[in-house]
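Survey of secondary and tertiary structure
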Amino acid sequence: MNQNSLFFRARWRLAIWYSGVMGIILCIAGVGAYQMMVHAHWQGLQDEIESVAGTLHDTLEPMLQQPDRMSPYVQNVLPNLCVVTEPCAKNQQNLSNRHILGVTQTNAYYIHFRDRNHQTIATVGNLPEAEFNQNSVWQMIQDNQGHRYYQFSLLLKNSAGLPWGYMQIGRSMAEYEQHLSESRLALLLGLPIGLVAIAIASWYLTKIAMQPVYTSYQQIQQFTADVAHELRTPLAAIRATVESSLAMDVLLENDSRNILSVIERQNSRLSQLVGDLLLLSRLDIETSSSHFSPCCLNDILSDLIEELAPLALTSNLNLKLNLKTETRIFVMGNESQLYRLFSNLIANAIQYSNVNGKITVCLTMQDREAIAYIRDTGIGIAPQDLPYIFDRFYRANRDRSRTTGGSGLGLAIAKAIVHKHRGNVQAISEFGKGSEFIVSLPRLLT
Ligand code: ADP
């Protein structure tokens, strides 16, 4: 395919389109997945802070007594608590079995207790410096080093239900931001790798997609070359005959008759070829079976045997019809095409048989099918030729075909007619011993 510039260019164009469309889809899907992941992470982060804040709120409020003063009981719940009026005790014990509070022991979290005037009462962890913003529950804070924290503020009440002060719980964004930057990196590296993989896959996919088109293109080219070749021989013969007769000074009546008979022979060969080609193209184009009518295969085969008997007799061949059933077998079809189908097969059996050979035509039925066998004891077909004999212009034995005037279209026409009638044809042969052609057609059920 790559040697043909037309197909090579078309393949390139198709591959570029494939890669472009698939690449755009991949990019959109990648960016969409990233956005969804960012959203899910953000939501998870908020839920986590809220959950920790809620648990602390429920745990601490019953312990709080005097407003703006830290209760000593809180120290038991938050061992890292640092009260501004007292020296900071860094007690790290008995933390392992307290999950929520354990979370606040990690470097990611800090807790800030403020009195009702927003002055610091106590802290847990490392606080970033920030103004107190009474209006916003959620606040994004950035410290001097550029580290960001997400903070949740809530009012605490004491055990008597009076406002005690504020608790701010914040979480470092470092882990979240690192995770996102790793995901972005994966996306940035993954997308080009994905695009390269798509480009390579597209190149191979276009080959698979274009292969059937390329094969039919080659077949058409081969067919055109074969037609030209077949037409050239009779045309060259006519031309040579005419030129040689023109070169003669005197043309006797006998010579004229010979010349005209050569021209007539070649002309009928040309007509036969053109007629066969027209029939083939009609069979290719016509797909409708609306003009089909019931055809009796017994009658068609009997007529053909009668018609071809004299031809068989000239080669001393024994041609006979063997009807395996008394029933008349009908198929829906085009009678003249069916006639042509069996005529081609029986004529071939006669052509490719040796003197004193035997040709048997059998007709039988099986379930919903009518089956015809055309058997001969002729020259047979070599195994290497057998797969190709139904191809257009294929001739297994070119020398013999030439003498019989065969163009190699007979079996191609037979196959096209059988397919048009939704049937099947196959050949079995033993080289040197004979051949059998089996035609099965859908039977008209009465
Ligand atoms: P042709 O016009 O050459 O007969 P066909 O398409 O009818 O073309 O047949 C194709 C080739 O198949 C023939 O050239 C011949 O070699 C082979 N063939 C067809 N029928 C028979 C047969 N009954 N016995 C042996 N060879 C056959």
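Quick summary incoming for the structure in this document.

Rules of the game
- Residues numbered from 1 in each chain as written.
- Predicted model: local features only at pLDDT ≥ 70, side-chain atom pairs only at ≥ 80, totals over all residues.
- Heavy atoms only, no water.
- Axes fitted to C-alpha atoms, helices over the stretch in contact; angles between N-to-C directions.
- Helix = DSSP H or I, 4+ residues; strand = E, 2+ residues; numbered from the N terminus.
- Parallel < 35°, antiparallel > 145°, perpendicular 65-115°, else oblique.
- Left-handed = near helix turned anticlockwise from the far one by under 90°.
- Phe/Tyr/Trp six-rings, centres within 6.5 Å; stacked < 30°, edge-to-face > 60°.
- Buried < 20%, exposed > 50% of the residue type's maximum accessible area, 1.4 Å probe, protein only.
- Lys NZ or Arg CZ within 6 Å of the ring centre and 35° of its normal.
- Expected span 1.5 Å × (residues − 1).
- Pairing = 2+ DSSP bridges.
- Patch = residues over 30% accessible without salt bridge, like charges linked within 9 Å, V, L, I, M, F, W, Y side chains within 5 Å.
- Areas by Shrake-Rupley, 256 points an atom, 1.4 Å probe, with all protein chains shown as cover.
- Salt bridge = Lys/Arg side-chain N within 4 Å of Asp/Glu carboxyl O.
- Lys, Arg positive; Asp, Glu negative; His and termini not counted.
- Charge placed at Lys NZ, Arg CZ, Asp CG, Glu CD.
- Contact = heavy atoms within 4.5 Å.
- Near = heavy atom within 4 Å.
- Polar contact = N/O pair within 3.5 Å; in protein donor to acceptor, adjacent residues only side chain to side chain.
- Nonpolar A, V, L, I, M, F, W, Y, C, P; charged D, E, K, R; others polar.

1. Points about the packing of helix α1 (residues 5-60) against helix α4 (residues 174-247)
- In the contact formed by α1 and α4, the axes pass within 7 Å of each other and the chain directions differ by 155°. Between α1 and α4, the angle is such that the two are roughly antiparallel. In this structure, α1 meets α4 at a crossing whose hand is right-handed.

2. Observations concerning the packing of aromatic side chains
- Per the stated rule, a full pass over the model turns up 14 aromatic pairs.
- With a centroid separation of 4.9 Å and an interplanar angle of 70°, the aromatic rings of F7 and Y214 are classed as edge-to-face. Placement of F7 in helix α1 and of Y214 in helix α4 is noted, with a sequence separation of 207 residues between them. Here F7 matches Y214 in class, with each residue buried.
- Between W12 and W203, the aromatic rings sit 5.1 Å apart at their centres with planes inclined by 45°, giving tilted as the arrangement. Note that W12 is positioned in helix α1 and W203 in helix α4, a separation of 191 residues in sequence.
- An aromatic cluster of at least three residues, connected via ring pairs, comprises W42, W138, Y150, F152 and Y176.
- Positioned above the aromatic ring of W203 is the side chain of R11, whose terminal nitrogen or guanidinium carbon lies 3.8 Å from the ring centre.
- The ring of F223 carries the charged tip of R392 above its face, separated from the ring centre by 5.7 Å.

3. Side note on helix α7 (residues 335-351)
- Helix length check: α7, at 17 residues, gives a terminal C-alpha distance of 24 Å against a target of 24 Å (1.5 Å per residue), a fit within 8%.
- Most of α7 sits out of view: 12 of its 17 residues are buried.
- Buried within α7 we find Q337, L338, L341, F342, S343, N344, L345, I346, A347, N348, A349 and I350.

4. What to know about the sheet that holds strand β1 (residues 82-83)
- In space, the six strands of this open sheet follow the order β1-β3-β2-β6-β5-β4, with antiparallel pairing throughout. Two strands close off the open sheet at either side, each with one partner strand: β1 and β4 (138-142).
- Where β4 meets strand β5 (residues 148-157), five bridges bridge the pair, whose relative direction is antiparallel. When the bridges of β5 are listed, I141 appears paired with Y149.

5. Re a negative patch on the surface
- A surface patch of negative charge is lined by D303, E306, E307 and E335.
- The element best represented in the negative patch is helix α6 (residues 297-314), accounting for three residues.
- Mapped onto the elements, E307 comes out in helix α6.
- Judged by relative accessible area, which is 49%, E307 ranks as partly exposed.

6. A closer look at unusual backbone geometry
- Despite not being glycine, N356 has its phi angle at roughly 70°, a positive value.
- Mapped onto the elements, N356 comes out in the loop between α7 and β10 (358-366).
- A positive phi is found at D367, a non-glycine position, where the angle reads about 50°.
- Relative to the assigned elements, D367 resides in the loop between β10 and β11 (369-376).
- The exposure class of D367 is exposed, given its relative accessible area of 68%.

7. Examining the sheet that holds strand β13 (residues 434-442)
- Taken together, five strands build an open sheet; the order of strands is β8-β10-β11-β13-β12 and the sheet is mixed. Every interior strand has two partners, whereas the edge strands, β8 (318-323) and β12 (424-430), have only one. Ignoring which end each strand starts from, the neighbouring axes of this sheet average 15° apart.
- Strand direction decides the pairing type here: β8 and β10, joined by six bridges, are parallel. Bridge pairing links N318 to K358 in β10.
- Seen against the sheet, helix α9 (residues 410-420) touches β12 and β13 and runs at an angle of roughly 25° to β13.

8. Quick look at the site of the ligand
- Taken together, 21 residues are adjacent to the ligand, and N348, Y352, D376, G408 and L411 come closest.
- In the model, an oxygen atom of the ligand is placed 3.2 Å from a nitrogen or oxygen of the A396 main chain.
- At a separation of 3.1 Å, an oxygen atom of the ligand approaches a polar backbone atom of S407.
- When the ligand sits alone it has 530 Å² of accessible area, and the protein chains cover 97% of it.
- Of all the secondary-structure elements, those providing two or more residues to the shell around the ligand are α7, α9 and β13.
- Among the elements that line the shell around the ligand, the one with the most residues is α7, at three residues.
- Here the shell around the ligand is composed, by residue class, of nine nonpolar, 10 polar and two charged.

9. Examining the pairing of strand β3 (residues 120-124)
- Counting buried residues in β3 gives four out of five residues, a clear majority hidden from the surface.
- Bridge count between β1 and β3: two bridges; the pairing is antiparallel. In the sheet register, C82 faces β3, and the bridge partner there is T123.
- Across four bridges, the pairing between strand β2 (residues 109-114) and β3 is antiparallel. Of the residues in β3, the one forming a bridge with H112 is T123.
- The hairpin formed by β2 and β3 contains five residues between the paired strands, and H118 there has a positive phi angle of roughly 75°.

That is the geometry; function is a separate question.
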